[in-house]
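Overview (structure and organization)
One letter stands for each residue in the lines below.
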Amino acid sequence: MTNRSRSFRVPDKPSLDGIEAKWVDVWDESGVYRFDRTKSRDEIFSIDTPPPTVSGSLHIGHAFSYTHTDLVARYQRMRGKSVFYPMGWDDNGLPTERRVQNYYGVRCDPSIPYDPDFSPPAKPDPKRQVPVSRRNFIELCERLTAEDEKVFEGVWRRMGLSVDWTHTYATIDDGSRAAAQRAFLRNLARGEAYMAEAPTLWDVTFRTAVAQAELEDRERTGAYHKVAFHRPDGTPVHIETTRPELIPACVALVAHPDDERYQDLFGGTVTSPVFGVEVPVKSHWLAEPDKGSGIAMICTFGDTTDVTWWRELQLETRPIVGWDGRIISDPPPGIGSEAAREAYARLAGATVHTARERMVEMLRESGDLVGEPTPTTRPVKFYEKGDKPLEVVTTRQWYIRNGGRDADVRDRLLARGRELQWHPDHMRSRYEHWVEGLNGDWLISRQRFFGVPFPVWYPLDGDGNPRYDEPIVPDEAALPVDPSSEAPAGYTEEQRGEPGGFTGDPDIMDTWATSSLSPQIAGGWERDEDLFSRVFPMDLRPQGQDIIRTWLFSTVVRADFENGCLPWRTAAISGWILDPDRKKMSKSKGNVVTPIDLLERYSSDAIRYWAASGRLGTDTALDEGQMKVGRRLSIKILNATKFALSVAGEDAADRPEAVTEPLDRSMLAALAEVVEDATAAFEAYDHTRALERAERFFWEFCDDYLELVKARAYEEGTAESASARAALLQALSVIQRLFAPFLPFTAEEVWSWWREGSVHAASWPQAADVRAAAVDGDPAVLEAASAVLRAVRKSKSEAKLSMRAEVERVAVRGKHVARARVAEGDIRAAGRAAALDFEESDAEELSVEVTLPPAAE
RNA sequence: GGGCGCAUAGCUCAGUUGGUCAGAGCAUCCGGCUUACAACCGGAAGGUCACAGGUUCGAGCCCUGUUGCGCCCACCA
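Just so it is clear, the model here is predicted, and its values are computed rather than measured.

Check the secondary structure of chain A and you find 25 helices and 29 strands. The buried share of chain A, taken over its 857 residues, is 55%. Nonlocal contacts in chain A, meaning residues at least 24 apart in sequence, comprise 77% of its contacts between residues at least 6 apart. By element, 48% of the accessible surface of chain A is carried by carbon and sulfur atoms, the whole surface being about 36200 Å².

This is the structure we're talking about:
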C-alpha cells in the first residue's frame, strides 16, 4: 500500500437494512465467486455440496449446515484457492412424485402412451387424479422442480452462500441420468451390480422395494398369540406369535439346539393348526429359549429373521402376502386338503390386519388358540417415508455390492473410512458400525416412476417371457436412455412386448444410486475430463450425520468401484438443529422454522453468526438470542468502522512502518495472535473458535483500544497521532477480513467504504504480516492499559458518575507498571485523569487506586 | 443387547497437551444521553464444573464406576 490519500465513502448512518439485496447483485455481476478452472489441482478447493431436496421446504436447519460449508468456502477462497462450490438439486425420487401428484392432481400410469399436448387440470382434484403417462408425469416433475429450485436459489443467495451459480446440477437432469446409468452399466460389466430374485423388504403403500438404509423401527402395539401345533401323536406344541395370520405361510418350527424341551422334536415334523400342513422342526442358534415358549414358527416371510432361517435351513417357500399387502388369492404349496383350502379362502384378498382377526377366529373355532392374546408393544420395521409396516415379499431386484456379503469388499470399504478425515472425528465410528452391520447388498431398484430408469432391456422368448439373464445394454454414447420409450439397438418399437421381441426394465434407481455419484456428476466425470481432473477427488464433503449410512457410505462405494479412491479427503458433519425445547426439528414433528422470517428480522449475517456459533457434529438449539448478538455485532462493526475511519482520516498513512507507539504495536501484536489462532482453527474445521477469537478481540478493540487512542489520534501533525491513525487502518483491514467468512455482507459493506474490490477476493490475513507491523509490540501493554481503564470506569460506575467525569488521581502499582506507563498519555486522556502515578512494587498483579473528586453539591 | 455423544452460572455455551480455569454472551440488578453506536455504553451479582471413587504435589480437564439425556445399530417368535 502506498501513502497516497484515499477517499472514504462512509454513510452518515450505517445500517444493515437492504445490504443483502445490494451485495447479492454486486457479487452476481462481478462474478467474485466464479470458479477459475484454469487453476491446477493444488490451487483448487472443491466441495461436494449436498443437493437439497427441492420438493421439501427449506428450513432453518438448512441455513445452519450450509453456512458451515460456506465458511470453509470463503476461508479457502481468501487463502487464494479457486473454490469449486457447485449447487445441486435433489429433485429425483418419491418426495417429488408425491408433490407433483398433489400439486397437479395427476397420477402416473406407465401403461398410458405419451401425450405431447397434455396439460394438467386447471383445478387439481385430489380425489380424482388424472392418469398420465410416465413421460408426461416426468415432464410435470421437471416443471415443478424448476420452480422450486428458483425459490431455493433465492434463499441461498440471500443467505450469502458463495456458490458458483454457473455450476448447478439436478439429480434428474440429463447429465445426472447419463452418469447414473453409465456408472450402473460399468458396475454391471464388472460384476458389482447384479439382479436377483430374493425376499425383499417391501412397502405395500408405495409398492416398492426398500433398502436396508431406508428402514426405521417404530413401536407398534400387537399381541402374543399362544398357538398349538400338533405332534404326529396329536399332542400340542405351543408357539407364540404376534402374526398368527402367517400360519398358512409357516414352513418350519425352530428352537435352539441346546433347548432341552425340544430335543425329541428336532428332525421330526408337526402339523400346523387349521391348515394341517406338515412342517419340519429345526434347530438353529438364533432361536432364543427364553423368548415366548422358546420355539418359533418360521414363515415366508414374517421378518428378516425368517429370511435368515429360510436361507440357512433351506426351507420351502409358501408366500401368502402380495405386493399390495393383501393375502394372495391362491393358497401356497402344501395347503392341500379341502378344509385347509376353505380356511385359506377366508383369508384370501384380506389385508394383513383383517386376515389376522379372521385367523384368530379360526384358531378359536379349532381350539388351537390357548388363552387370550397378550398385548405387547414391539419395534416393527417401516420404510422411513411410509406409514404401514414393511412386508417381506420375493421379487426380482437390482443390487450393488457394498460389502454386505463379501468380506473383502467390506474390509476395503472399512479401510476407506479410516482413510477419510472426519470432523468431528468420532463420526467415523458411525460409518464403521454401519459397514460392519450390513447384512446384504445394496438394493437399488425401485418400482416407481420419477427417477433414473435402469438402462436395460430384456429379450422375450417365444412365449413372451423375459430372459433376465441376457440383458441388453445400450452404448454409453446413447445415454441417458429410457427403456420404456426407446427400443434397444437391433429392435424396433413394434417388437416391444411381443414374443421374440423385447421389454424394457420397468424400474428406476433408488435416489441414492444417483446422489452417490454427486462428486462425479458435479465434477464433470466422462463429460468434461479436464474439469474432473482438477476437482476430483474433492476436498470436502459436508453433510448431516443422519445420512452417513446412506449418502456418505454409498458415495464411498461408488468412487471405490469406479475411481479406485476416496471421493473426497474430508467429511464435515453438521449436527442437528433443535427447537428451543431441545427437540430435533423435523417436518413430522411440525416444529420446523423457515429461515425467511428470521433472515428478515435479524439480517442474513445475524443468522450466519448463530449458525457459525454451532460446532460441527454438535446439536445446536435454535436460539434467537444468538441471532440478536450477531445482529449487534454486525451493527457494531459498521459503527466502529465508521468511527475508526473518521478518526484516522483520509490522509492517514496506510503503512505499517508508521505505527511507532508501544500501545499501537501492542494492539497489533495481540491481533497477530488472533490471526494465528483463527487460521489454525479454520484449518482444523473449527470455525466456532475462529469466530470466537475474532469477536473477542474486536470487542476489546472497541471498548478499550479505540477509547485509549482516540484523543491522541485526533491530534494534528504529530508522529504519535500518525501512529494511532496508521494502526487503526492496519487493524481495520485485518478485522474486516477475519469477519468476512462469517458476516459477508457486513464485511463487504465496511470494506467498500475505504478499499477497492471485494473483501471476499482479498487475501486472508497473515499472522506474520501483522506481527511484522507490530515490530516489538507486547500484547501485555494493551492489557495493562485496559486494566487501568477498567478500574477507572469501575470507580466511576460505583460512584454513579458519568464516564466522562473527571478523576483527580489514578495511582497504578505493581511489578509491571512499566507496561502501563508507556501508554500514560492515552490512559490519562481516556480516563480523564488529572494525575496519573506509577509506583513499582513486588505485586505481580497490577493494582489501581482511583481518587475521585469530592462530590459536588 | 451393542455402540457413539453429551452433562460447567436461570438460559445458550467457551474452557486446546492436567498447574490464576472457574469464564463469555443472554436474562437479572445498578448506573450513565460519553460528539461511532440509547436498537447504545459502563458496572455488579450468579456455579460443590451430574454423582462416587481413583491417579497426581495439583483434576471441568486423565482413569473406573453410577445416574440422567440425546442419537445410531441389533435376528424385535
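To continue, consider the protein's contact with RNA strand B. Surrounding RNA strand B, one finds 50 residues, the nearest of these being Glu240, Ala296, Pro379, Arg549 and Arg689. Taking all atoms of RNA strand B within 4 Å of the protein, the share assigned to sugar and phosphate is 64%. One nitrogen or oxygen atom from the side chain of Gln212 is found 3.2 Å from a phosphate oxygen belonging to RNA strand B. The backbone of Asn639 places a nitrogen or oxygen atom 3.4 Å from a base nitrogen of RNA strand B. Of the residues in the surface near RNA strand B, the class split is 13 nonpolar, 11 polar and 26 charged.

Turning our eyes to something else, we now look at the side chain of Ser604. Structurally, Ser604 is set in helix H16 (residues 604-612). From its side chain, Ser604 meets the backbone oxygen of Arg158 in a polar contact 2.5 Å long. Those residues in contact with Ser604 that lie beyond four places of it in its chain are Glu20, Arg158, Met159, Leu599 and Phe745.

Applying the stated rule across the entire model yields 67 salt bridges. Measuring nitrogen to oxygen at the nearest pair gives 2.7 Å for the salt bridge that ties Glu97 to Arg448. Taken together, the positions of Glu97 in helix H3 (residues 94-104) and Arg448 in the loop between strand E19 (445-446) and strand E20 (457-459) put the pair 351 residues apart, joining distant regions of the chain. Residues Glu97 and Arg448 agree in their burial class; the two are buried. The salt bridge partner of Arg412 is Asp560, with a shortest N-O separation of 2.6 Å. Linking Arg412 in helix H9 (residues 407-419) with Asp560 in helix H14 (residues 548-562), this pair joins segments that are 148 residues apart in sequence.

To continue, consider the sheet that holds strand E16 (residues 391-400). With antiparallel pairing, the four strands of this open sheet are ordered in space as E8-E7-E16-E18. If you trace the sheet from one side to the other, it starts and ends with strand E8 (208-209) and strand E18 (442-443), each paired once. Pairing analysis gives 10 bridges linking strand E7 (residues 193-203) to E16, with the strands arranged antiparallel. Within E16, the residue paired with Pro199 across the bridge is Thr394.

With that settled, the discussion passes to the sheet that holds strand E27 (residues 807-814). Pairing is mixed across the open sheet formed by three strands, whose spatial order is E28-E27-E29. With partners counted over all chains shown, the strands left at the sheet margins are strand E28 (833-840) and strand E29 (847-851), one partner each. On average, each strand axis in the sheet is inclined to that of its neighbour by 15°, with strand direction left out of account. Here seven bridges tie E27 to E28, and the two strands are oriented parallel to one another. Each residue of the ladder has a partner; that of Gly814, found in E28, is Glu840.

Orientation of helix H2 (residues 60-78) relative to H16, taken along the N-to-C sense of each, is 85°, at an axis distance of 9 Å. The pairing of H2 with H16 is recorded here as roughly perpendicular in orientation. Residues Ile60, Ala63, Phe64, Thr67, His68, Asp70, Leu71 and Arg74 of H2 touch H16, and the partners they reach there are Ile607, Arg608, Trp610, Ala611 and Ala612. Its residues assigned to classes, the contact of H2 with H16 shows eight nonpolar, two polar and three charged.

On to the nonpolar core. Among the nonpolar cores identified, the biggest contains 95 residues, and Leu671 and Phe701 are the most heavily contacted of them. The element contributing the most residues to this core is helix H19 (residues 687-714), with 13 residues. Residues contacting Leu671, with those up to four places away along its chain left out, are Phe697, Ala731, Val734, Ile735, Leu738 and Val770. Grouped together as the second largest cluster of nonpolar side chains are 61 residues, Trp398, Phe536, Met538 and Trp551 included.

A few words on the pairing of strand E10 (residues 236-241). Looking along a regular strand, one sees side chains alternate from face to face of the sheet. Of the two faces of E10, the one holding Val237, Ile239 and Thr241 is buried and the one holding Pro236, His238 and Glu240 is not buried anywhere. Here strand E9 (residues 215-230) pairs with E10 via six bridges, running antiparallel. Opposite His230, over in E10, you have Pro236 as the bridge partner. In this antiparallel pair of consecutive strands, E9 and E10, the connection spans five residues, and Gly234 shows a positive phi of 95°.

With that settled, consider H16. With nine of nine residues buried, H16 is to be regarded as a mostly interior element. Among the residues of H16, Ser604, Asp605, Ala606, Ile607, Arg608, Tyr609, Trp610, Ala611 and Ala612 are the ones counted as buried.

Moving on: the packing of helix H17 (residues 624-648) against helix H21 (residues 744-752). It is the contact of H17 with H21, at a shortest axis distance of 10 Å, that shows an interaxial angle of 10°. If you check the angle between H17 and H21, you find them roughly parallel. Mapping the contact onto sequence places Ser634, Ile637, Leu638 and Thr641 in H17 and Thr746, Glu749 and Val750 in H21.

Secondary-structure assignment places Glu214 in the loop between E8 and E9. Take Glu214: its relative accessible area is 2%, and that puts it in the buried class. Not counting the four nearest positions on each side in its chain, Glu214 is found in contact with Phe382, Tyr383, Glu384, Arg446 and Asp510.

This part takes up the packing of aromatic side chains. Here the structure, examined in full by the defined rule, presents 30 aromatic pairs. Pairing Trp89 with Trp165 gives two aromatic rings, centres 6.3 Å apart and planes at 20°, and the pair type is stacked. Taken as a pair, Trp89 in strand E3 (residues 87-89) and Trp165 in the loop between helix H4 (134-159) and strand E6 (168-170) lie far apart in primary sequence, 76 residues in all. With a centroid separation of 5.9 Å and 70° between ring planes, the pair formed by Tyr431 and Phe553 is classed as edge-to-face. Of the two residues, Tyr431 is situated in helix H10 (residues 428-436) and Phe553 in helix H14; the sequence distance between them amounts to 122 residues. Both residues of the pair, Tyr431 and Phe553, belong to the buried class. Of the aromatic side chains, those joined through ring pairs into one cluster are Tyr66, Trp89, Phe152, Trp156 and Trp165. Looking at Arg182, its charged tip hangs above the ring of Trp525, at a distance of 4.8 Å from the centre. Sitting over the face of the ring of Trp551, Arg541 holds its NZ or CZ atom 3.1 Å from the ring centroid.

Now for the environment of Leu668. With respect to the helices and strands, the residue Leu668 is situated in helix H18 (residues 662-683). Sequence-wise, Leu668 and Lys127 are 541 residues apart; in three dimensions their C-alpha atoms are separated by 70 Å. Leu668 has contacts with Val659, Ala727, Gln730, Ala731, Val770, Ala773 and Ala774, leaving out every residue within four places of it along the chain.

Now for the environment of Gly524. Counting through the fold element by element, Gly524 comes out in the loop between helix H12 (518-523) and helix H13 (529-535). Gly524 sits 197 residues away from Ile327 along the chain, and the two C-alpha atoms are 48 Å apart. Beyond its immediate sequence surroundings of up to four residues, Gly524 is in contact with Glu529, Leu531 and Phe532.

A contiguous patch of negative charge, built from Glu673, Glu700, Asp703, Asp778 and Glu783, is present on the exposed surface. Following the sequence through the fold, Glu783 ends up in helix H23 (residues 779-798).

Turning to the environment of Asp91, a few remarks are in order. Structurally, Asp91 is set in the loop between E3 and H3. Along the sequence, Asp91 and Arg177 sit 86 residues apart, while their C-alpha atoms lie 12 Å from each other. Among residues more than four places away in sequence, those in contact with Asp91 are Val54, Thr96, Thr145, Glu149, Ala170, Thr171, Ile172 and Phe450.

Here is what the cut-offs are and how they apply
Residues numbered from 1 in each chain as written. Chains lettered and ligands numbered in written order. Predicted model: local features only at pLDDT ≥ 70, side-chain atom pairs only at ≥ 80, totals over all residues. Heavy atoms only, no water. Helix = DSSP H or I, 4+ residues; strand = E, 2+ residues; numbered from the N terminus. Buried < 20%, exposed > 50% of the residue type's maximum accessible area, 1.4 Å probe, protein only. Contact = heavy atoms within 4.5 Å. Areas by Shrake-Rupley, 256 points an atom, 1.4 Å probe, with all protein chains shown as cover. Near = heavy atom within 4 Å. Polar contact = N/O pair within 3.5 Å; in protein donor to acceptor, adjacent residues only side chain to side chain. Nonpolar A, V, L, I, M, F, W, Y, C, P; charged D, E, K, R; others polar. Salt bridge = Lys/Arg side-chain N within 4 Å of Asp/Glu carboxyl O. Pairing = 2+ DSSP bridges. Axes fitted to C-alpha atoms, helices over the stretch in contact; angles between N-to-C directions. Parallel < 35°, antiparallel > 145°, perpendicular 65-115°, else oblique. Core = buried A, V, L, I, M, F, W, Y, C linked by side-chain atoms within 4.5 Å. Phe/Tyr/Trp six-rings, centres within 6.5 Å; stacked < 30°, edge-to-face > 60°. Lys NZ or Arg CZ within 6 Å of the ring centre and 35° of its normal. Patch = residues over 30% accessible without salt bridge, like charges linked within 9 Å, V, L, I, M, F, W, Y side chains within 5 Å. Lys, Arg positive; Asp, Glu negative; His and termini not counted. Charge placed at Lys NZ, Arg CZ, Asp CG, Glu CD.

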